[in-house]
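Understanding the architecture of this molecule
Residues per chain, in single letters:
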Amino acid sequence: MDLKICVNCGDKAEVPVVLPGDPVLLCVRCGHRQPFLRLPMFALTGPSGTGKSTVGKMLTAELGDAVVVMEQDVLWSAGLQDPADDYRVFRATWLRMVAMVNQSGRPVVLCGTVVPVQFERLPERAFLGDIHYLALTCAPDLLASRLRARPAWREWDDEDRITEMLEFNEWVRANAATMDPPMELLDTTGISLAESVRVVTDWVRRGLAQEKGSRSTG
């Protein structure tokens, strides 16, 4: 169910209206009130080459009983690659997709490069509960070597592009704590893949427990 579309009249809301209290969507055209599930999302983010996709592939085995793990690049195609307004259409489409998955009762772990402001400012943000952000980083020399070793189809043979990603890596490290909401950091430089998976799994489980606790006391 696409939450932007009213199930009663079919109108599409560019700016969703969510009533206070239990999450209910209000259609401003027909007045229909549609209850929906508003669940947390876990954004496993960070620069390209820090291990998001590799870790993400192993999370289903660890967390398949509780969440749906999704790879952001699956939708990186055709019209969704429009760079306008910091790739707004791409980000908004992902929030809508996650919200649809949520209606089956499962939160989503989304693996892909994003910083909080790119999601938090969008109207579609209203469909979700708390978004938790964990950014993977690593040492610059290791990051550069990982990017240069990638297969040709990933197009990392451009040294200027690699330099930009190294700068982003340092920017994330310096600014994660001051973002709104803050991002937690995991430096993957000196730890094994198994340890990275364990840390990310614990992070998700902790967030799910916090969500369950807030619902029981709310």
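Structure: see above.
To start, this report covers the structure provided alongside it. Fair warning: this is a prediction, and the values are worked out from it, not measured in the lab.

**Here we look at the sheet that holds strand β4 (residues 41-45)**
Strand-to-strand pairing in sheets goes through backbone hydrogen bonds, with the strands running parallel or antiparallel. The strand order across the open sheet formed by 5 strands is β5-β6-β4-β7-β8, and the pairing between neighbours is parallel. At either end of the open sheet lies a strand with only one pairing partner, and these are β5 (68-71) and β8 (184-187). Each neighbouring strand pair of the sheet contributes to a mean axis angle of 20 degrees, computed without reference to strand direction. Of the pairings in the sheet, the one linking β5 to strand β6 (residues 108-111) comprises 4 bridges and is parallel in character. Its bridge partner lying in β6, V68 is registered against V108.

**As for unusual backbone geometry**
The omega torsion of the bond from D180 to P181 falls at 0 degrees, within 30 degrees of zero and hence cis. Relative to the assigned elements, P181 resides in the loop between α5 (159-175) and β8. Of note in this structure, D85 is not a glycine but carries a positive phi near 50 degrees. You can call D85 partly exposed: its relative accessible area is 42%. Within the chain, D86 stands out as a residue other than glycine whose phi angle is a positive 60 degrees. As for its placement among the helices and strands, D86 is situated in helix α2 (residues 84-102).

What counts and what doesn't
Residues numbered from 1 in each chain as written. Predicted model: local features only at pLDDT ≥ 70, side-chain atom pairs only at ≥ 80, totals over all residues. Heavy atoms only, no water. Pairing = 2+ DSSP bridges. Helix = DSSP H or I, 4+ residues; strand = E, 2+ residues; numbered from the N terminus. Axes fitted to C-alpha atoms, helices over the stretch in contact; angles between N-to-C directions. Buried < 20%, exposed > 50% of the residue type's maximum accessible area, 1.4 Å probe, protein only.

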